[in-house]
Amino acid sequence: ILNILHYPDERLHKVAKPVEKVDDQIRTLIDDMAETMYACPGIGLAATQVDVHLRLLIVDISEDKTALRAFINPRIVEADGHTTYEEGCLSVPGIYEEVERASHIVVEALDRNGQPFRLEADGLLAICIQHEIDHLDGKVFVEKLSRLKQSRILNKLKKNQRKNM
Ligand SMILES: O=C(O)C[C@@H](Cc1ccccc1)[C@H](O)SCc1ccccc1
Ligand SMILES: [Zn+2]
(Lines give C-alpha, C1' and ligand atoms only; values in the text may rest on other atoms or scores of the structure.)
(Ligands and ions follow the chains in the order given, each with its own letter.)
Protein backbone atom coordinates (compact mmCIF):
# COMPACT_ATOMS: atom_id res chain seq x y z
CA ILE A 1 0.00 0.00 0.00
CA LEU A 2 1.48 3.34 -1.01
CA ASN A 3 1.18 6.57 1.00
CA ILE A 4 -1.26 9.09 -0.55
CA LEU A 5 -0.26 12.79 -0.35
CA HIS A 6 -2.86 14.99 1.39
CA TYR A 7 -3.80 18.51 0.24
CA PRO A 8 -2.39 21.14 0.66
CA ASP A 9 0.89 19.21 0.21
CA GLU A 10 2.98 21.24 -2.28
CA ARG A 11 4.04 18.02 -4.06
CA LEU A 12 0.46 17.75 -5.39
CA HIS A 13 1.26 20.83 -7.50
CA LYS A 14 4.23 19.25 -9.32
CA VAL A 15 3.66 18.64 -13.05
CA ALA A 16 4.35 14.97 -13.90
CA LYS A 17 6.88 14.04 -16.60
CA PRO A 18 6.16 11.62 -19.49
CA VAL A 19 7.02 7.93 -18.99
CA GLU A 20 10.07 7.21 -21.18
CA LYS A 21 9.87 3.40 -21.19
CA VAL A 22 6.98 1.14 -20.15
CA ASP A 23 9.01 -1.51 -18.28
CA ASP A 24 8.51 -3.86 -15.32
CA GLN A 25 9.16 -1.02 -12.87
CA ILE A 26 6.19 0.87 -14.35
CA ARG A 27 4.04 -2.28 -14.26
CA THR A 28 4.94 -2.83 -10.58
CA LEU A 29 4.00 0.80 -9.84
CA ILE A 30 0.63 0.25 -11.60
CA ASP A 31 -0.02 -2.85 -9.47
CA ASP A 32 0.97 -1.05 -6.25
CA MET A 33 -1.26 1.93 -7.17
CA ALA A 34 -4.19 -0.44 -7.91
CA GLU A 35 -3.78 -2.18 -4.53
CA THR A 36 -3.69 1.24 -2.85
CA MET A 37 -6.72 2.54 -4.79
CA TYR A 38 -8.88 -0.53 -4.06
CA ALA A 39 -7.97 -0.34 -0.36
CA CYS A 40 -9.28 3.25 -0.02
CA PRO A 41 -11.66 2.46 -1.87
CA GLY A 42 -11.37 4.64 -4.89
CA ILE A 43 -12.19 4.50 -8.60
CA GLY A 44 -9.16 6.40 -9.83
CA LEU A 45 -5.61 7.28 -8.77
CA ALA A 46 -2.84 9.36 -10.37
CA ALA A 47 0.87 8.66 -9.79
CA THR A 48 1.24 12.25 -8.52
CA GLN A 49 -0.91 11.34 -5.52
CA VAL A 50 1.61 8.71 -4.42
CA ASP A 51 4.48 11.18 -4.93
CA VAL A 52 5.64 9.65 -8.23
CA HIS A 53 5.71 12.46 -10.76
CA LEU A 54 5.22 10.43 -13.94
CA ARG A 55 2.30 10.73 -16.39
CA LEU A 56 0.50 7.57 -15.31
CA LEU A 57 -3.01 7.06 -13.95
CA ILE A 58 -5.31 4.13 -13.22
CA VAL A 59 -9.11 3.89 -13.28
CA ASP A 60 -11.60 1.18 -12.35
CA ILE A 61 -15.24 2.24 -12.01
CA SER A 62 -16.53 -1.37 -11.96
CA GLU A 63 -18.39 -2.61 -8.88
CA ASP A 64 -16.41 -5.85 -8.73
CA LYS A 65 -12.93 -4.38 -9.33
CA THR A 66 -12.53 -6.24 -12.64
CA ALA A 67 -12.07 -3.30 -15.02
CA LEU A 68 -8.69 -1.83 -14.07
CA ARG A 69 -7.23 0.33 -16.81
CA ALA A 70 -3.82 2.03 -16.84
CA PHE A 71 -3.27 5.17 -18.90
CA ILE A 72 0.38 6.03 -19.59
CA ASN A 73 1.17 9.45 -21.11
CA PRO A 74 -2.59 10.07 -21.57
CA ARG A 75 -3.75 12.87 -23.89
CA ILE A 76 -7.35 14.07 -24.23
CA VAL A 77 -7.77 14.49 -28.00
CA GLU A 78 -11.50 15.38 -27.95
CA ALA A 79 -13.65 16.93 -25.21
CA ASP A 80 -17.23 18.16 -25.54
CA GLY A 81 -20.45 18.61 -23.61
CA HIS A 82 -20.81 19.71 -20.02
CA THR A 83 -21.62 17.83 -16.86
CA THR A 84 -21.33 18.50 -13.14
CA TYR A 85 -20.61 15.88 -10.50
CA GLU A 86 -20.09 16.04 -6.71
CA GLU A 87 -16.44 15.07 -6.72
CA GLY A 88 -14.27 13.78 -3.91
CA CYS A 89 -10.52 13.15 -3.90
CA LEU A 90 -8.37 10.66 -2.03
CA SER A 91 -5.92 13.53 -1.43
CA VAL A 92 -8.63 15.77 0.08
CA PRO A 93 -10.49 13.44 2.45
CA GLY A 94 -13.96 14.49 3.61
CA ILE A 95 -14.47 17.23 0.99
CA TYR A 96 -17.16 16.79 -1.70
CA GLU A 97 -18.03 19.64 -4.09
CA GLU A 98 -19.82 20.08 -7.42
CA VAL A 99 -17.31 20.33 -10.29
CA GLU A 100 -18.08 20.98 -13.98
CA ARG A 101 -16.26 18.96 -16.65
CA ALA A 102 -16.68 17.77 -20.27
CA SER A 103 -19.30 15.00 -20.50
CA HIS A 104 -17.63 13.17 -23.41
CA ILE A 105 -13.91 12.73 -24.08
CA VAL A 106 -11.60 10.74 -26.36
CA VAL A 107 -8.30 9.79 -24.71
CA GLU A 108 -5.14 8.42 -26.32
CA ALA A 109 -2.60 6.65 -24.07
CA LEU A 110 -0.27 3.67 -23.76
CA ASP A 111 -1.46 0.60 -21.85
CA ARG A 112 0.58 -1.38 -19.29
CA ASN A 113 2.33 -3.21 -22.17
CA GLY A 114 3.28 0.04 -23.85
CA GLN A 115 0.66 -0.45 -26.60
CA PRO A 116 -1.10 2.72 -27.78
CA PHE A 117 -4.90 2.78 -27.47
CA ARG A 118 -7.75 5.23 -27.90
CA LEU A 119 -10.76 5.31 -25.61
CA GLU A 120 -14.06 7.19 -25.86
CA ALA A 121 -15.57 7.87 -22.44
CA ASP A 122 -18.78 9.37 -21.07
CA GLY A 123 -20.31 9.78 -17.62
CA LEU A 124 -18.36 8.84 -14.52
CA LEU A 125 -15.48 7.31 -16.52
CA ALA A 126 -14.98 10.59 -18.41
CA ILE A 127 -15.18 12.59 -15.15
CA CYS A 128 -12.69 10.31 -13.41
CA ILE A 129 -10.14 10.41 -16.25
CA GLN A 130 -10.32 14.23 -16.37
CA HIS A 131 -9.94 14.37 -12.56
CA GLU A 132 -6.82 12.13 -12.73
CA ILE A 133 -5.21 13.97 -15.66
CA ASP A 134 -5.65 17.19 -13.65
CA HIS A 135 -3.55 15.54 -10.90
CA LEU A 136 -0.77 14.85 -13.45
CA ASP A 137 -0.87 18.57 -14.31
CA GLY A 138 -0.50 19.49 -10.63
CA LYS A 139 -4.15 20.51 -10.22
CA VAL A 140 -6.44 19.48 -7.34
CA PHE A 141 -10.23 19.74 -7.84
CA VAL A 142 -10.75 22.11 -4.88
CA GLU A 143 -8.75 24.76 -6.79
CA LYS A 144 -11.60 25.00 -9.31
CA LEU A 145 -13.88 26.33 -6.57
CA SER A 146 -14.34 29.92 -5.40
CA ARG A 147 -11.69 31.51 -3.18
CA LEU A 148 -14.25 31.62 -0.36
CA LYS A 149 -14.91 27.86 -0.61
CA GLN A 150 -11.17 27.15 -0.84
CA SER A 151 -10.44 29.09 2.37
CA ARG A 152 -13.27 27.31 4.18
CA ILE A 153 -11.92 23.94 2.97
CA LEU A 154 -8.36 24.77 4.12
CA ASN A 155 -9.68 25.76 7.56
CA LYS A 156 -11.71 22.53 7.78
CA LEU A 157 -8.68 20.43 6.78
CA LYS A 158 -6.47 22.22 9.37
CA LYS A 159 -9.13 21.59 12.05
CA ASN A 160 -9.28 17.88 11.07
CA GLN A 161 -5.47 17.64 11.29
CA ARG A 162 -5.43 19.19 14.79
CA LYS A 163 -8.21 16.79 15.84
CA ASN A 164 -6.25 13.78 14.55
CA MET A 165 -2.98 14.85 16.22
O1 LIG B 1 -8.47 11.21 -5.69
C2 LIG B 1 -8.69 10.61 -6.74
O3 LIG B 1 -8.17 10.95 -7.80
C4 LIG B 1 -9.69 9.45 -6.72
C5 LIG B 1 -11.04 10.07 -6.96
C6 LIG B 1 -11.40 9.86 -8.39
C7 LIG B 1 -12.69 10.54 -8.71
C8 LIG B 1 -13.01 11.81 -8.24
C9 LIG B 1 -14.23 12.41 -8.60
C10 LIG B 1 -15.12 11.74 -9.41
C11 LIG B 1 -14.78 10.48 -9.88
C12 LIG B 1 -13.58 9.89 -9.52
C13 LIG B 1 -12.09 9.52 -5.99
O14 LIG B 1 -11.80 9.81 -4.69
S15 LIG B 1 -12.33 7.81 -6.01
C16 LIG B 1 -13.65 7.77 -4.82
C17 LIG B 1 -14.97 7.86 -5.54
C18 LIG B 1 -15.71 6.71 -5.64
C19 LIG B 1 -16.91 6.73 -6.33
C20 LIG B 1 -17.37 7.89 -6.97
C21 LIG B 1 -16.61 9.05 -6.86
C22 LIG B 1 -15.41 9.05 -6.14
ZN1 LIG C 1 -8.11 13.23 -6.75
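Fair warning: this is a prediction, and the values are worked out from it, not measured in the lab.

1. Section: the site of ligand 1
Reasoning step 1: Neighbouring ligand 1 are 15 residues; I43, G44, Q49, L90 and E132 lie closest to it.
Reasoning step 2: Q49 is positioned such that a nitrogen or oxygen atom in its side chain is 3.0 Å from an oxygen atom of ligand 1.
Reasoning step 3: At a separation of 3.1 Å, an oxygen atom of ligand 1 approaches a polar side-chain atom of H131.
Reasoning step 4: With the chains in place, 84% of the 480 Å² that ligand 1 exposes on its own is no longer accessible.
Reasoning step 5: Cavity membership is defined here by more than half of the atoms lying within 2 Å of grid points; on that basis ligand 1 lies in the largest pocket.
Reasoning step 6: Of all the secondary structure elements, the ones that give two or more residues to the shell around ligand 1 are β4 (83–87) and α2 (123–136).
Reasoning step 7: Counting residues per element, the shell around ligand 1 draws most heavily on α2, at six residues.
Reasoning step 8: Considering only residue class, the shell around ligand 1 consists of seven nonpolar, six polar and two charged.

2. What about a positive patch on the surface?
Reasoning step 1: Positive charge collects at one region of the surface, where K156, K158, K159, R162 and K163 lie side by side.
Reasoning step 2: Take K156: it is sitting in helix α3 (residues 147–164).

3. Remarks on the pattern of salt bridges
Reasoning step 1: One pass over the structure, following the stated rule, counts twelve salt bridges.
Reasoning step 2: Note that D51 and R11 form a salt bridge whose closest N and O atoms lie 3.1 Å from each other. Of this pair, D51 sits in the loop between β1 (44–46) and β2 (56–59) while R11 sits in the segment before α1 (24–39); the two residues are 40 residues apart in sequence, bridging distant segments of the chain.
Reasoning step 3: Residue E108 pairs with R118 through a salt bridge whose shortest N-O separation is 2.9 Å. Here the residue E108 occupies a position in strand β6 (residues 104–110), and R118 occupies one in strand β7 (residues 116–122), the gap between them amounting to ten residues.

4. Examining the layout of surface pockets
Reasoning step 1: Roughly 440 Å³ of volume is contained in the largest pocket.
Reasoning step 2: Lining the largest pocket are 22 residues, with I43, E87, G88, C89 and L90 sitting closest to its centre.
Reasoning step 3: Breaking the lining of the largest pocket down by element, the ones donating at least two residues are β4 and α2.
Reasoning step 4: The biggest single contributor to the lining of the largest pocket is α2, with six residues.
Reasoning step 5: Around the second largest pocket, the lining residues are Y38, P41, G42, I43, D60, I61, S62, E63 and K65.
Reasoning step 6: Classifying every residue of the lining of the second largest pocket by side-chain character gives four nonpolar, two polar and three charged.

Reading guide: rules and limits
- Residues numbered from 1 in each chain as written.
- Chains lettered and ligands numbered in written order.
- Predicted model: local features only at pLDDT ≥ 70, side-chain atom pairs only at ≥ 80, totals over all residues.
- Heavy atoms only, no water.
- Near = heavy atom within 4 Å.
- Polar contact = N/O pair within 3.5 Å; in protein donor to acceptor, adjacent residues only side chain to side chain.
- Areas by Shrake-Rupley, 256 points an atom, 1.4 Å probe, with all protein chains shown as cover.
- 1 Å grid on protein atoms, 1.4 Å probe; cavity = no way out; pocket = protein on both sides within 12 Å on 5 of 7 lines; lining within 4 Å.
- Sits in = over half its atoms within 2 Å of the grid points.
- Helix = DSSP H or I, 4+ residues; strand = E, 2+ residues; numbered from the N terminus.
- Nonpolar A, V, L, I, M, F, W, Y, C, P; charged D, E, K, R; others polar.
- Patch = residues over 30% accessible without salt bridge, like charges linked within 9 Å, V, L, I, M, F, W, Y side chains within 5 Å.
- Salt bridge = Lys/Arg side-chain N within 4 Å of Asp/Glu carboxyl O.
- Lys, Arg positive; Asp, Glu negative; His and termini not counted.
- Charge placed at Lys NZ, Arg CZ, Asp CG, Glu CD.
- Points joined across faces, edges and corners; volume = space filled by probe spheres on them.

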